[in-house]
Amino acid sequence: MDFQGEIRRRAGEDPRIIVLPETGDMRILEAASRVLKEGFARPLLLGRREEIEETARGEGLSLEGALYRNFLSDRDREDFALALTARRAHRGMTLEKARERMDDPLWFGAMLVRSGQAEGMVAGSLASSADVFHAALQAIGPAPGTEVVSVAGFMEIPRQDRGEEGLLLYADCVVVENPTAPQLASIALSSALTWRTLTGTVPRVALLSYSTRGSAVSPMTEKVREAARLVRERDPGLISDGEIQFDAAVDPGVAARKAPGSPLGGRANILIFPDLNSGNSNFKNTERMGGGIFRASVVQGLALPVNDLSRGTTVETIVDTVAVTVLQAGALHG
Ligand SMILES: CC(C)(COP(=O)(O)OP(=O)(O)OC[C@H]1O[C@@H](n2cnc3c(N)ncnc32)[C@H](O)[C@@H]1OP(=O)(O)O)[C@@H](O)C(=O)NCCC(=O)NCCS
């Protein structure tokens, strides 16, 4: 599956305004320039317009069509500070502290999304993931009915007979260390939504364990079994199975022996790991040892889309992440 081409093409059908707060990073300006050229989003750049344009010109980049807001002198700073104070008063947020937050483009950008003046944000090429999450969780927060915000990663592997023509989604790889059963169910349901939104194909969700259907019983396997039950209860139409071992989830031959009658039939395209140790390690294992190619990481479960980059990110990944954010915004706003 041509994931990259497909998300950019589909984003181009309904472009959205996406905030890019880290304009001090040349990779961001280059990505913004490419996005404008491909036409699948309208980047909103934070900072002094003349400075940003001059930097871009110096590198031979065109930012024609971009939007700008100077967060240090913007007309909405005070309104945003007041709104943030109201949202976070229960944790001791004062107007003074909220005003200070507006000096940080991450927080100002998150408030632009919150206020509906932008439809998503992509950040984290300069800021740490924790800082991006603090701004997103506090300014925007989880979607109604969502237990946890998590991160799912798209990986393309050389085997076309696995997942969806070699495309797989792994979760959670970044945020929730040791999810409870309801949290694990929430991660699985968010991942199914992410899959539908970004691939337009049918999700098939495996809740992974070292046990298949009670072959072992312990608190660890029971947690996954309960999460799988909750997933079936909350979305009976979703193709899912658990607790199930990795091989029975992704290999039809093993599935026929170990999990006969599994709705997945050994063709899972979404892999839900029981904790962050296993999710993060498996993702990296597939990439480093299995020839997998990282495609995109997606923050899921927020009320409005904010996606996190890594500080080692590439221009290509930033461009793809903007496309991902456009599609998430489109799914939310209809
Ligand atoms: C994401 C993370 C920054 C959140 O930390 P935190 O200290 O809880 O963050 P905040 O205080 O800003 O959270 C704001 C609110 O969101 C809630 N929250 C935190 N994580 C949440 C999640 N995953 N989903 C939903 N809500 C969450 C908090 O409980 C808090 O609630 P409140 O309104 O009652 O105060 C932290 O869990 C983290 O760093 N995780 C990543 C772990 C890691 O190092 N990963 C790297 C692997 S590559």
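Rules behind the numbers
- Residues numbered from 1 in each chain as written.
- Predicted model: local features only at pLDDT ≥ 70, side-chain atom pairs only at ≥ 80, totals over all residues.
- Domains from an automatic or database assignment.
- Contact = placed C-beta atoms within 7 Å.
- Helix = DSSP H or I, 4+ residues; strand = E, 2+ residues; numbered from the N terminus.
- Nonpolar A, V, L, I, M, F, W, Y, C, P; charged D, E, K, R; others polar.
- Near = placed C-beta within 6 Å.
- Core = buried A, V, L, I, M, F, W, Y, C linked by C-beta atoms within 7 Å.
- Buried ≥ 20, exposed ≤ 12 C-beta atoms within 10 Å, placed from the backbone.
- Pairing = 2+ DSSP bridges.
- Axes fitted to C-alpha atoms, helices over the stretch in contact; angles between N-to-C directions.

Student: Looking at this structure, how should I read the domain arrangement of the chain?
Tutor: One widely used convention gives an interface's size as the accessible area the parts lose upon coming together. If you check the domain split of the chain, you get domain 1 (3-141 + 303-333) and domain 2 (150-294). Listed per partner, the contact involves seven residues of domain 1 and six residues of domain 2. Residue assignment for the side of domain 1 that touches domain 2 shows that the elements contributing at least two residues are α1 (3-12) and α13 (315-333). Of all the elements, α13 adds the most residues to the side of domain 1 that touches domain 2, at four residues. Classifying every residue of the side of domain 1 that touches domain 2 by side-chain character gives five nonpolar, two polar and no charged.

Student: When you look at the site of the ligand in this model, what are you seeing that I'm missing?
Tutor: Every one of the 14 residues lining the ligand counts as a neighbour, but Phe133, His134, Leu137, Val148 and Val149 are closest to it. With six residues, helix α7 (residues 129-139) is the single largest residue contributor to the shell around the ligand. In terms of residue class, the shell around the ligand is made up of nine nonpolar, four polar and one charged. Each of domain 1 (3-141 + 303-333) and domain 2 (150-294) gives at least three residues to the shell around the ligand.

Student: Which parts of the structure should I look at to understand the nonpolar core?
Tutor: Nonpolar side chains tend to gather and get buried jointly when the protein is soluble and globular. The biggest cluster of nonpolar side chains holds 102 residues, and the ones touching the most others in it are Ala110, Ala188, Ala206, Leu207 and Ile272. There are two domains that each give this core at least three residues, and those are domain 1 (3-141 + 303-333) and domain 2 (150-294). Discounting residues that sit within four places of it in the chain, Ala206 has contacts with Asp241, Gly242, Ile244, Ala249, Leu264, Ala268, Ile270, Leu271 and Ile272.

Student: How do you make sense of the sheet that holds strand β2 (residues 41-46) when you look at a structure like this?
Tutor: Sheet strands pair by backbone hydrogen bonding; their relative direction is either parallel or antiparallel. The strand order β3-β2-β1-β4-β11 describes an open sheet built from five strands, whose pairing is parallel. Edge positions in the open sheet fall to β3 (67-69) and β11 (306-308), since each of these has one partner strand only. Within the sheet, the average angular offset between the axes of one strand and its neighbour, ignoring direction, is 25 degrees. One ladder, built from five bridges, connects strand β1 (residues 16-20) with β2; its direction is parallel. Directly across from Ile17, in β2, lies its bridge partner Arg42. In the packing of α7 onto the sheet, the strands contacted are β4 (120-123) and β11, and the crossing angle to β11 comes to about 170 degrees. The sheet strands contacting α13 are β1, β2, β4 and β11, and the helix crosses β4 at an angle near 155 degrees.

Student: Before we go on, may I ask you to explain unusual backbone geometry in this structure?
Tutor: Trans is the prevailing form of peptide bonds, just as negative phi is the prevailing case for residues other than glycine. Look at the link from Ala171 to Asp172: it is a cis peptide, with omega at -20 degrees. Omega for the bond connecting Gly242 with Glu243 falls within 30 degrees of zero, at -5 degrees, which places this linkage in the cis form. Along the chain, the position of Glu243 falls in strand β8 (residues 239-244). Notably, Glu165 is not glycine yet its phi reads approximately 50 degrees, a positive angle. On the secondary structure map, Glu165 appears in the loop between β5 (150-156) and β6 (167-171). Notably, Arg213 is not glycine yet its phi reads approximately 45 degrees, a positive angle. Positionally, Arg213 belongs in the loop between β7 (204-208) and α9 (219-234).

Student: Please explain the environment of Phe246 as it appears in this structure.
Tutor: Positionally, Phe246 belongs in helix α10 (residues 246-250). For the pair formed by Phe246 and Ser211, sequence separation is 35 residues and the distance between their alpha carbons is 9.2 Å.

Student: What is the right way to look at the pairing of β6 in this model?
Tutor: Consecutive residues of a regular strand have side chains that alternate between opposite faces of the sheet. Across the five residues that make up β6, a large majority, five, are buried. Neither face of β6 is left uncovered, since the one carrying Leu167, Leu169 and Ala171 and the one carrying Leu168 and Tyr170 both have all their residues buried. One ladder, built from five bridges, connects β5 with β6; its direction is antiparallel. By the bridge assignment, Glu156 is partnered in β6 with Leu167. Both β6 and strand β9 (residues 270-272) contribute to a ladder of three bridges, which runs parallel. Within β9, the residue paired with Ala171 across the bridge is Ile272.

Student: Would you mind going over the environment of Val231 with me for this structure?
Tutor: Topologically, Val231 is positioned in helix α9. Residue classification places Val231 among the buried residues on the basis of 25 C-beta atoms within 10 Å. Note: C-alpha distance between Val231 and Glu316 (85 residues apart in sequence) is 34 Å. Each residue touching Val231, except ones within four places of it in the same chain, is listed here: Ala185, Ala188, Leu189, Val205, Leu207, Leu238 and Ser240.

Student: Would you mind showing me how to read helix α6 (residues 105-114) here?
Tutor: In an α-helix, one turn spans 3.6 residues; hence positions three or four apart end up facing the same way. Among the ten residues of α6, ten are classified as buried, and the element is accordingly described as predominantly covered. Residues Pro105, Leu106, Trp107, Phe108, Gly109, Ala110, Met111, Leu112, Val113 and Arg114 constitute the buried set of α6. At the exit of α6 stands Gly116, carrying a positive phi of roughly 85 degrees.

Student: Please clarify how the sheet that holds β5 should be interpreted in this entry.
Tutor: Spatially, β8-β7-β9-β6-β5-β10 is the arrangement adopted by the six strands of the open sheet, whose pairing is mixed. Each edge of the open sheet carries a strand with a single partner, namely β8 and β10 (293-300). On average, each strand axis in the sheet is tilted by 20 degrees relative to the strand beside it, whichever way the strands run. The strands touched by α9 are β7 and β8; relative to β8, the strand with the most contacts, the crossing angle is about 165 degrees.

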